[in-house]
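# Chains, contacts and geometry: an overview
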Amino acid sequence: NKSTDYDAYLRMDGQGVYLDCRDEELGRILKAFQGEETEIPVEYVTKNPVQTEIPEELPAGIQNHDMWKEYTGRCIGCGRCNFVCPTCTCFTMQDIFYKDNDRTGERRRVWASCQVDGYTDIAGNISFRQDQGQRMRFKVLHKVYDYKKRFGYHLCVGCGRCEDACPEYIYYLACIQKLGRAAKEGQDNE
């Protein structure tokens, strides 16, 4: 995550705002705001300020833990968390019928969300995950447990976009921490 090929570098601290501008056009615009010149080293991000430990082993029955019930009442199922996630790839199929000939059309693959009501509906009016708690459980366990078990690394990249986009202030990091506590409780009970 280090580069010398950037247009501008900005850092703010208690002393002021530091700017290293390498783009000529941007430099001309910023010339009016120029203050005292000083040499500043570029500080690259080496770790996130907030960190959590993802549990490696989960106890049997974690999918039935009471922690998931909290999300049944909190999550409104808008799917914004999935739509901003760089690792979510859920899709559904949509049939488009043409107006000029109603016997023709096409089937399109469209982006969807496992958090939205109706995503897991199948023929016979059957739905696999009927409430938001079940959907949250699926998403979290898929990103931090199932994917790692299958491919060797976690699917979640820790960017926090889901937390920023959630209108109900559901924090994915807090959910992971609850999962860790539940895993520890499960190990203590064994």
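As a reminder, the structure under discussion sits directly above these lines.
Read on for an overview of the structure. (Residues numbered from 1 in each chain as written. Predicted model: local features only at pLDDT ≥ 70, side-chain atom pairs only at ≥ 80, totals over all residues. Heavy atoms only, no water.)

## Side note on the side chain of Lys 139
- By the secondary structure assignment, Lys 139 is in helix H4 (residues 132-151).
- Although Lys 139 is buried, it makes no salt bridge; Glu 163 carries the closest opposite charge, 9.4 Å away.
- The contacts of Lys 139, once residues within four sequence positions are left out, are Cys 81, Asn 82, Cys 114, Gln 115 and Tyr 172. (Helix = DSSP H or I, 4+ residues; strand = E, 2+ residues; numbered from the N terminus. Buried < 20%, exposed > 50% of the residue type's maximum accessible area, 1.4 Å probe, protein only. Lys, Arg positive; Asp, Glu negative; His and termini not counted. Salt bridge = Lys/Arg side-chain N within 4 Å of Asp/Glu carboxyl O. Contact = heavy atoms within 4.5 Å.)

## Looking at the side chain of Glu 163
- As for its position among the elements, Glu 163 is in helix H5 (residues 161-165).
- Glu 163 has contacts with Ile 170, Tyr 171, Tyr 172 and Leu 173, leaving out every residue within four places of it along the chain.

## Some thoughts on the environment of Gly 180
- Take Gly 180: it is sitting in helix H6 (residues 172-189).
- Using a relative accessible area of 22% as the deciding quantity, one classes Gly 180 as partly exposed.
- When the C-alpha atoms of Gly 180 and Thr 52 are compared, they prove to be 9.1 Å apart, with 128 residues separating the residues in sequence.

## Considering the environment of Ile 54
- Structurally, Ile 54 is set in the loop between helix H1 (24-30) and helix H2 (69-74).
- Note: C-alpha distance between Ile 54 and Lys 184 (130 residues apart in sequence) is 11 Å.
- In this structure, Ile 54 is in contact with Val 144, His 154 and Ile 176, ignoring residues within four places of it in sequence.

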